[in-house]
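# Report on the structure
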Amino acid sequence: MRRIHVGNALSAFGLGFTVPYLYVYVAQVRGLGAMTAGLVLAVFAVAALVVLPFAGRAIVRRGPLPVLLAALVVAALGALSLGLAGSAVAVLLSAAALGAGQAVMQPALATMIVDCSSAETRSRAFATQFFLQNLGLGVGGLIGGHLVDTTRVSSFTLLFALEAAIFLLLAVTMTTVRMPRSPRIEDAPTASAKGGWKQLLGNRAMVQLSVLGFVLFFACYGQFESGLSAYGVEAAGISTSALGTALAANTLMIVVAQFAVLRFVERRRRTRVIAFVGLIWAVAWVVAGYAGLGHGSQEMATAAFVSTYALFGLGEAMLSPTVAPLVADLAPEGMAGQYNSAFALVKQLALAVGPAVGGPMAASLHAPYIATFLLFSLGITVLALRLGRQLTAAQDQPWQGRSRVVARGGAPAEPVAAEA
C-alpha cells in the first residue's frame, strides 16, 4: 500500500509538472496559436473518454498492475514526444498519448487500493490517496513553474523529459508491488464485455451514484479553472494573484483538513456525508455570490472569493474517503476495475461539460451563474439522500457492521450483496 501511495503521489507530481503550462507552451513557445493550444486541452479530455470504457474491461481481465504499467509507458512516450514536437499534428498526437495514459492510471491505481485494503482500512487509504494527489499536484506545479522559461524551448523540453522520467520511475516502483490474489475474468468470452456494462447499468445504486458523481464533478471540479475563475475576474474584479491565492487556499484546506475530518466521516452514513457536502458547497456559492454581486469593498470581495475555494476544499476532503470506497463496495467480486473506470468516465464527462457550460455563463451572466450552481449543490444533497434508500447498511455505514461484530465477539458476517 505504501508503494501504491508513492505511485499516486508521483503520478500527480508528473501531472502538476506540465499541465498548467501546456497552453503557454503550445500557443507561445511553439508558436502554434491559441486554437491549437485549445485543441490540445480538448484532446486530453477526448482521449480519456475513448480509452476509459476499454480500461475497465482490461483491468478486470488482466489485473490493475499490467494495465497501469502499460499506461505509464504510453504516458511517458507522450510526454517525451510532446517536449520534442514542433508541428500541430505532432503536438496533438503526443497530447492524445499523454492524456490516454494519465486517464487509465487513476482507475488502475484505485483498483490496486481496493485489492490491497480491507473494508476497515479503505476509507483511510483513499483519503491518503487524495491527500498525496493534491500535495503532488501543488509541488509539481511549483517546481515546474521555476524550471520553465518562455524564451527557451529547451526549458520546456527538459520539463517534459523529466515528466517522462517520473512516469518511468513510477513504472519501476510499481513492478516491486506484490498484489494479493483477487478474482479475474480470464476466460470470459469477448461478448461478455457488453454483459459487464449491462450488469453495471442494471445496478440501480451504481447508476444513481454515477448521476450523483456527475453533478458533483460538474458543479465543483468542472468550475475551478473555468467558470469560477472567470466569474471572479469579471464579476468580482479578482486579480490574477488573488486567484492564485484562492487556488492555494483550496489545496491548503485539503492538506490541513483531510485527516482532521476523516474520523468524523468514518462514523457517519456515507450518503449523509455527501448530502452535507452539498450544503457546504451551497454556502460556498452564496459566498461567491457576495464576492461578485454584494457591492462591498474589493478587500471583502477578495476574502469572500478565497473563502469560496477553501469551502470547496473542505467538501473535497470529506468526499475522498466516502465516494471511492462506496464505488468499490457496490462492485461485485472481481469487477472493481470496471466500476472504477465507469466512475472515472463519468468524471471526465463532467469535467468536459462543466467548463463548456460554466465558462461562458460566468463571464456574462453573473447572477444566473451563481443561482444555477447553488441549485446544483442543493441537488447534490437531494440525490445523496435518495441514494441512501438504495444502499444496504453494509454499503452506507460499514463501520456499524464492524462494530456489531466486535461487540458480539463473533466472526464477521457474510457481506450483504449490492442491490441490483
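In the block above lies the structure referred to throughout.
The following paragraphs examine the structure supplied in this document. (Residues numbered from 1 in each chain as written. Predicted model: local features only at pLDDT ≥ 70, side-chain atom pairs only at ≥ 80, totals over all residues. Heavy atoms only, no water.)

### Overview of the overall build of the protein
Here is the rule: Put simply, DSSP H or I for four residues or longer makes a helix, DSSP E for two residues or longer makes a strand, and each gets a number counted from the N terminus. Working definition: with a 1.4 Å probe on protein chains only, accessible area under 20% of the residue-type maximum means buried, over 50% means exposed, and in between means partly exposed. Any two residues whose heavy atoms approach within 4.5 Å are treated as being in contact. Where accessible areas are quoted, they stem from the Shrake-Rupley method and a 1.4 Å probe; at the residue level, only the protein chains shown are allowed to cover.
For the protein, the helix and strand inventory stands at 18 helices and 0 strands. For the protein, the residues scored as buried account for 51% of the 420 residues in total. In the protein, once contacts between residues fewer than 6 apart in sequence are set aside, the share between residues at least 24 apart is 86%. For the protein, the computed accessible surface area is about 18200 Å², with 67% contributed by carbon and sulfur atoms.

### Considering a nonpolar patch on the surface
Put simply, the rule reads: Candidate patch residues must exceed 30% relative accessible area and have no salt bridge, after which like charges are joined if within 9 Å and Val, Leu, Ile, Met, Phe, Trp or Tyr side chains if within 5 Å. Criterion for a salt bridge: a side-chain nitrogen of Lys or Arg within 4 Å of a carboxyl oxygen of Asp or Glu.
Together, Leu135, Val139, Leu142, Ile143, Leu147, Leu158 and Leu162 make up a nonpolar patch on the protein surface, roughly 540 Å² of accessible area in all. Taken together, the elements giving at least two residues each to the nonpolar patch come down to helix H6 (122-147) and helix H7 (153-174). Among the elements that line the nonpolar patch, the one with the most residues is H6, at 5 residues. Inspection of the secondary structure puts Leu162 in helix H7.

### What about the nonpolar core?
Defined as follows: Throughout, nonpolar core names a set of buried Ala, Val, Leu, Ile, Met, Phe, Trp, Tyr and Cys residues whose side chains join them through atoms within 4.5 Å.
In this structure, Leu209, Leu228, Trp281, Phe305 and Tyr369 are the most contacted members of the largest nonpolar core, which totals 62 residues. Contributing elements (two or more residues each) for this core: helix H9 (204-224), helix H10 (227-234), helix H11 (240-266), helix H12 (270-293), helix H13 (298-319), helix H14 (323-330), helix H15 (336-364) and helix H16 (366-388). Ranked by the residues each element gives to this core, the list is headed by H9, at 11 residues. Among all residues touching Leu228, those that are not within four sequence positions of it are Gln223, Trp285, Ala288, Phe305, Thr308, Tyr309, Phe312 and Tyr369.

### Things to note about the environment of Ala363
Take Ala363: it is sitting in helix H15. Between the alpha carbons of Ala363 and Gly232 there is a distance of 8.9 Å; along the sequence they are 131 residues apart.

### Some remarks on the pattern of salt bridges
Evaluation of the coordinates by the stated rule reveals 3 salt bridges. With its nearest N and O atoms 3.2 Å apart, the salt bridge here joins Arg122 to Asp329. Placement of the pair is Arg122 in helix H6 and Asp329 in helix H14, with a sequence separation of 207 residues. The salt bridge partner of Arg270 is Asp329, with a shortest N-O separation of 2.7 Å. One end of the pair, Arg270, is in helix H12; the other, Asp329, is in helix H14, with 59 residues separating them in the sequence. Judged by relative accessible area, Asp329 falls into the partly exposed class, the value being 22%.

Read these as geometric descriptors, not functional statements.
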